[in-house]
Amino acid sequence: MNNIYNSLIIGLGGPRGDDAAGWVAVDRLADLPERGVRLLKTGDSLSLAAILCEASSPCAAIVDAAAPRGEPGTIRSFDRDEISIQRGSAWSTHGVGLIEAIELVEALGYTFKRLRLHTIEAKTVGHGSGLSPEVEAAIDRLVETIRADFAEAQPYA
Amino acid sequence: MSNESKHDPLHDSAAGEAPDSKASVNASTERTIRVAAMARVEGEGGITIVVRDGKVEDAQLRIFEPPRFFESFLRGRSLLEVPDITARICGICPVAYQMSSCHAIEKLLGMNVPAPIKSLRRLLYCGEWIESHVLHFAFLHAPDFFGYESAIAMAQAKPEFAAIVRSALAVKKAGNSIVETLGGREVHPINVRVGGFYKLPSRADLAALAERLERVRDVARDLVRWTAKLDFPDYEYDYEYVALSHPVEYPMNEGRLVSSKGLNIDMAEYPDHFEERHVPHSNALQSLKKGSGAFFTGPLARWNMNRDRATVDARVLGGELGISWPCDNPFVSIVARAIEVFHAVDLAIRLIREYEPPERAFEPVEFRAGSGAWITEAPRGILYHRYEADDKGAVVAATIIAPTSQNQRQIEEDLIRFAPTILDIPQAEAEWKCEQVVRNYDPCISCATHFLTLNIVNK
């Protein structure tokens, strides 16, 4: 990564189970604000959109748990141009998803120099309070990756 | 809720089938307008309207989202767990479930909570009204009025619409901030308990919240004015509106249950005046007012009957919109929803300003056997809870009737009355119009399907 996210890392999800991956990752990056990075957590995609609009940061990183697909703990990272909404998908109050929220922000005229999405594949999204061992380990790996990005990167002016 | 399933003779089609059918037209006598799965509503449902010989024969709001049996698995649980369990019925209106359950349980236990706790509860409810209403009117409902498939498409179409969406995001975020500050987090709050709160907000937290609300107050007012200029279909009906009514407050947590046609009862008398029925095409029970049938609950019902108790500025705003209140056009619900957002922002600021902390975060609980029922005003309308418990505080029976269940029949009757106006337009447009009729009510299907009476007959 050639540049720093410049101030915004958002953990998306909830407090329970592997859905907490994004929140826990943000917690483990707690020292980054010393470098001028804002850390935020939310469980609501429209709040994510509001945060992105309010912050007007040219760069943002989002960390979220991905649905189980048989490879728990797998980290997948994407730049903005690698992700797109599935056309024809219907909005509902529960169905305003991450990608729709990003598209909404862009539709409002906000542009990103860099928007990076990191996902950690969940083992399960059922009941329970703790992280699975696979996701727990993956968070540590992802946090180191993000930290290394910031160590090498130069902040935007 | 009765254990006896009553089938509705008006609806004799197959039970809530999967959403795989397509629109069909029988050239000679019959046309079916069928929306397989509705967009921009919460949960999984569809619409079927059957037209025969140019006349609408039947309309069904098909709810095929599976039942969730909340009332059954509350049995045996502690009364103290109920607010947190029932809050899980809905991710959009968890506060409503917390409010109705806490009040019903406090009634059961003979508890009174002090005024500051009541104020904090109203403040928390303001947050939920704001976030739920803004989500619906700006992101889910408004695109209907311009023919856009989503708020994204609407925002891309014109700078004016982008500004509206941006404003709505800011107001919604302020609502989320209330829920986060008082509830512990913005989604599925965890700080509400029987008798009060687990933890009281600090003055600094409330001051920051008030500042945020002040910043969006005028924005919320402008959103109301924008909704009032929408092009509403010419459609009115002499509805029976049902809502709580309080002598001095715009209703949220307290009051008597009243209707626009003369009902005026204590909320505990609800089962004497309302009943629920099972219809084959829906996994949610339908509520009817005994002796008269369908009724209308939600923001338009509340505003039509209680607008004189809204905040002063909300009243003034409501009076300058060029809409004659009470208004019997259900499409104007979007305006009522927007006004309630402004009212909630305004009220929240006032509640924070007037707040004096209580002596303690919650009142102590002493269990006793008994029953208690309560109604509060969820964003979508009245939410009835009733509990019976033993002397150890274990739930013996629970009944929960959500606003969407209560509006279901009214939605179907609206479709029957509205459909004749769209018989000559193309199928896709007709389906869209029908969805818009349903979205007038902001139905929350997940709420409505949290229960289903399982009736096993052994022969």
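Right, let's walk through the structure included here. (Residues numbered from 1 in each chain as written. Chains lettered and ligands numbered in written order. Predicted model: local features only at pLDDT ≥ 70, side-chain atom pairs only at ≥ 80, totals over all residues. Heavy atoms only, no water.)

### Points about the pattern of salt bridges
All names here are of chain B.
- Inspection of every chain in the model, using the stated rule, returns 43 salt bridges over all chains.
- In this structure, Asp 238 and Lys 261 form a salt bridge, with 3.0 Å as the shortest nitrogen-oxygen distance. Of the two residues, Asp 238 sits in the loop between helix 7 (203-228) and strand 7 (242-245) while Lys 261 sits in the loop between strand 8 (256-259) and strand 9 (264-265), which places them 23 residues apart along the sequence.
- Since its relative accessible area comes to 44%, Lys 261 is described here as partly exposed.
- Arg 417 is the partner of Asp 414 in a salt bridge, and the nearest nitrogen-oxygen pair spans 3.0 Å. (Salt bridge = Lys/Arg side-chain N within 4 Å of Asp/Glu carboxyl O. Helix = DSSP H or I, 4+ residues; strand = E, 2+ residues; numbered from the N terminus. Buried < 20%, exposed > 50% of the residue type's maximum accessible area, 1.4 Å probe, protein only.)

### Details of the pairing of strand 3 (residues 59-66) of chain A
Residue and element names in this part refer to chain A.
- Most of strand 3 sits inside the fold, with eight of its eight residues counted as buried.
- Here strand 3 shows a buried face lined by Cys 59, Ala 61, Val 63 and Ala 65 and a second buried face lined by Ala 60, Ile 62, Asp 64 and Ala 66.
- By the bridge criterion, four bridges tie strand 1 (residues 8-12) to strand 3 in an arrangement that is parallel. Bridge pairing links Ile 10 to Ile 62 in strand 3.
- One ladder, built from eight bridges, connects strand 3 with strand 5 (residues 114-121); its direction is parallel. Considered in strand 5, the bridge of Ala 66 is made with Glu 121. (Pairing = 2+ DSSP bridges.)

### Topic: the sheet that holds strand 8 of chain B
Residue and element names in this part refer to chain B.
- Pairing in this open sheet of three strands is antiparallel, and the strands run 7-8-9 from one edge to the other. Each of the sheet's edge strands pairs with one partner strand only, and the pair in question is strand 7 and strand 9.
- Where strand 8 meets strand 9, two bridges bridge the pair, whose relative direction is antiparallel. When the sheet's bridge partners are listed, Leu 257 is paired in strand 9 with Ile 265.

### Observations regarding the sheet that holds strand 2 (residues 38-42) of chain A
All names here are of chain A.
- Strand order across the open sheet formed by five strands is 2-1-3-5-4, with mixed pairing between neighbours. Lying at the two open borders of the sheet, with one neighbouring strand each, are strand 2 and strand 4 (75-79). With strand direction ignored, the average angle separating the axes of adjacent strands in the sheet is 20°.
- With five bridges joining them, strand 1 and strand 2 adopt parallel strand pairing. Bridge assignment links Ile 10 to a residue of strand 2, and that residue is Leu 40. (Axes fitted to C-alpha atoms, helices over the stretch in contact; angles between N-to-C directions.)

### What to know about the interface of chain B and chain A
- In this complex, chain B contributes 26 residues to the contact, which on the side of chain A involves 24 residues.
- Note on chain B versus chain A: buried area summed over both sides is about 2200 Å², and carbon and sulfur give 65% of it.
- By the criterion of area lost to chain A, the three top residues of chain B are Ile 152, Arg 166 and Leu 169 of chain B, representing 26% of everything that side buries.
- Run the count over chain B and chain A and you get two salt bridges.
- Across the salt bridge formed by Asp 44 of chain A and Lys 172 of chain B, the nearest N and O atoms sit 2.5 Å from each other. (Contact = heavy atoms within 4.5 Å. Buried area = accessible area lost by both parts, 1.4 Å probe.)

### Let's talk about the environment of Asp 44 of chain A
- Secondary-structure assignment places Asp 44 of chain A in the loop between strand 2 and helix 2 (45-55).
- Judged by its relative accessible area of 14%, Asp 44 of chain A is buried.
- Placed 54 residues apart in sequence, Asp 44 of chain A and Leu 98 of chain A show a C-alpha to C-alpha distance of 8.8 Å.
- If we ignore the near neighbours within four places in the chain, the residues touching Asp 44 of chain A are Leu 12 of chain A together with Lys 172, Asn 176, Glu 186 and Val 187 of chain B.
- Among the polar contacts listed, one links the side chain of Asp 44 of chain A to the backbone nitrogen of Leu 46 of chain A, at a separation of 3.1 Å.
- Here the side chain of Asp 44 of chain A touches Lys 172 of chain B through a polar contact of 2.5 Å, side chain to side chain. (Polar contact = N/O pair within 3.5 Å; in protein donor to acceptor, adjacent residues only side chain to side chain.)

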